[in-house]
Amino acid sequence: MKNWLSQHAQSLLLALKRLRQNPFASLLNISVIGIALSLPSGLYVLLNNLENLSRQVSGEPQISLFLSMQATSAEVAQIQVQLKSHPGVRNFQFVPRDQALRELQKAAGISDVVQSLTQNPLPDAFIIHAKNSSAEALQALRDEISSWPSAAHVQLDSLWAQRLDALLRVGKLIILLLAILLSVALVAVTFNTIRLQILTQREEIEVAKLIGATHRFIRRPFLYIGALQGLAGGVVAWAIVAVSVHVLDKGIAELTRLYTINLQLNQLNHSDSLSLMLFSAWLGWLGAWMSVSRYLHQIEPR
Amino acid sequence: MISLSQVCKRYPGGYDALKNISFTMQPGELVAVTGHSGAGKSTLLKLIAAIERPTRGSIIVNGQNTSSLRPAAVPYLRRKFGLVFQDHKLLFERTVFENVLLPLQITGFERKESAKRVRAALDKVGLLDKEKTLPITLSGGEQQRLCIARAIVNRPAILLADEPTGNLDAAYASDIMELFKSFNQVGVTVIVASHDEAMLMRLNPRLLKLNRGELAS
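The structure displayed is predicted, hence computed values, not measured ones. (Residues numbered from 1 in each chain as written. Chains lettered and ligands numbered in written order. Predicted model: local features only at pLDDT ≥ 70, side-chain atom pairs only at ≥ 80, totals over all residues.)

By definition, the strands of a sheet pair up through backbone hydrogen bonds, in either a parallel or an antiparallel sense. All names here are of chain A. Strand order in the open sheet formed by four strands is S2-S3-S1-S4, and the pairing between neighbours is antiparallel. The open sheet has two free edges, formed respectively by strand S2 (89–95) and strand S4 (151–156), since each of these has just one partner strand. Sheet twist, expressed as the mean angle between neighbouring strand axes with direction ignored, is 20°. Pairing of S2 with strand S3 (residues 125–130) involves six bridges; the strand directions are antiparallel. When the sheet's bridge partners are listed, phenylalanine 94 is paired in S3 with phenylalanine 126. (Pairing = 2+ DSSP bridges. Helix = DSSP H or I, 4+ residues; strand = E, 2+ residues; numbered from the N terminus. Axes fitted to C-alpha atoms, helices over the stretch in contact; angles between N-to-C directions.)

What follows is the structure, given as structure tokens:
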């Protein structure tokens, strides 16, 4: 166990030494990895923030039913009964036209306008929450309610939010594709870097193999180089995202102050940050593994 | 300990390096392989150390058939051998000490014990005072002795040397031969290949003569 640990420590030190031997090439590789990974992870952060925003704004989807201006109280009562017995309705709230007008008066800025009205322009309304809030169910419920005789207008409030959700899902898919493509590219980058490393260490590998080194022993320092490079690339990607979000957040703070809404961008959370770095390290490891294995296969005696 | 039966080696292109070689070696024997260049001496040693595989026939080392060995088992077979090469195959960016340390690092030897063994091996070949220098500063004879130190640091049961004196003058060469003799005296099985038959005869060896890939005697 102690020997095993010390062998790994030796390989790790050797890997660090080799990375330091070519500081310029190492830094270049690390930045390539970092920049490539910052793209999907930055988009991911943006999308997460958009998702948060849409959740904040939309809340629970609801259907607003506006009755015609001529609706009588009997018709209102009739609709109340219909809604109560409807299987798709979870609960509903009746907003009489007088109350709607009072609420409108309370709203800032337009009370003068409201006061100048000679009659109440608002209809009676119902706010309905559906049992099933899927887009199809809401759509069906809205269509059904629209066909009721005294319904003047039925509006599905959160339709736009659902559209946004769908859009976000597409966005996530795009990020996933992007991440996969860039991951392949990163494996290729590491593959090539390690291949060059192998070429400079060719004699050492040959001698080690001749005097009884296992493939695992030969691979180990290269795997450490790949993984360390990947890890450093992951850290760079994380830093790029963190700085960008910070800068954007400042810009947005100005914007939100002007629009008097409260929006703060979230950074990558801890577990996502950790995943990013580990994933990047794993990609480096994989590229190195493929590279050394291919080389060892080539020099295998036949 | 080492037994070859009807071993043939044909290289791609149809060149037959070895034809139908059979012989058996006992533990502790000292065998010299000789013959003109191109007779198949190096090939024979490479086959024994499983650096190359025979085209036909079987090679048994310590009861293991090396020709049918899984690739993953080959490194463990190699550790039974100490290999001395004509071109030394030293690592020039490592110090003398680190070169000899390499086989012990490979086997995962404990560090303090490793340092002791490295110094013992260097002492044996007379290079103890050069442990911190780089191999490039050593003379040809010293480089060959360094290669021998690396071959024996693992205390192998079998020492394989391919043209160990090829590039050396006579005085250095006889030093090296004396070293092999002394290893053999402590029980190591030694196989030395060289075109220089007169040099080999000083070892009092069992002589294997190769002629165009065939065993002559």
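Here the narrative resumes, following the displayed structure.
The pLDDT averaged across chain A works out to 84; a share of 92% of its residues lies at or above 70. For chain A, helix H5 (residues 111–115) of chain A is the element with the lowest average pLDDT, namely 71, and helix H10 (residues 270–298) of chain A is the one with the highest, namely 92. (pLDDT = per-residue confidence, 0-100.)

Right, let's talk about the interface of chain A and chain B for a bit. Contacts between the two partners involve 16 residues from chain A, matched on the other side by 16 residues from chain B. Looking at the side of chain A that touches chain B, the elements that each hand over two or more residues are helix H1 (2–21) and helix H8 (202–210) of chain A. Here the element with the most residues in the side of chain A that touches chain B is H8 of chain A; it accounts for five residues. When grouped by side-chain class, the residues that make up the side of chain A that touches chain B number seven nonpolar, five polar and four charged. (Contact = placed C-beta atoms within 7 Å. Nonpolar A, V, L, I, M, F, W, Y, C, P; charged D, E, K, R; others polar.)

For chain B, mean pLDDT is 89; residues scoring 70 or higher make up 100% of the total. The complex prediction reports pTM at 0.75, with the ipTM value standing at 0.86.

On to H8 of chain A, then. Among all positions of H8 of chain A, only Val207, Ala208 and Lys209 of chain A are buried. Looking one or two places after H8 of chain A, you find glycine 212 of chain A, whose phi comes out positive at around 100°. (Buried ≥ 20, exposed ≤ 12 C-beta atoms within 10 Å, placed from the backbone.)

Time to look at the nonpolar core. One recurring pattern in soluble globular proteins: nonpolar side chains tend to sit buried together. Of all hydrophobic cores here, the largest spans 103 residues; its most connected members are Ile48, Val84, Ala149, Leu159, Leu160 and Phe180 of chain B. At 13 residues, the largest contribution of residues to this core is made by helix H9 (residues 215–259) of chain A. Leave out the neighbours within four places in its chain, and alanine 149 of chain B touches Val100, Ala121, Leu122, Lys124, Val125 and Leu127 of chain B. Core analysis: the next-biggest nonpolar cluster, separate from the first, contains eleven residues, Ile63, Ile128, Leu141 and Ile145 of chain A among them. (Core = buried A, V, L, I, M, F, W, Y, C linked by C-beta atoms within 7 Å.)

Residue and element names in this part refer to chain B. With mixed pairing, the six strands of this open sheet are ordered in space as S6-S7-S8-S3-S9-S10. Across the chains shown, the open sheet's two edge strands, defined by having one partner strand only, are strand S6 (81–84) and strand S10 (214–215). Note that S6 and strand S7 (residues 158–162) share four bridges and pair parallel. Across the sheet, residue valine 84 finds its bridge partner in S7, namely alanine 161. Contacting strand S3 (30–34), S7 and strand S8 (189–194), helix H6 (residues 170–185) crosses the sheet at an angle of about 155° to S8.

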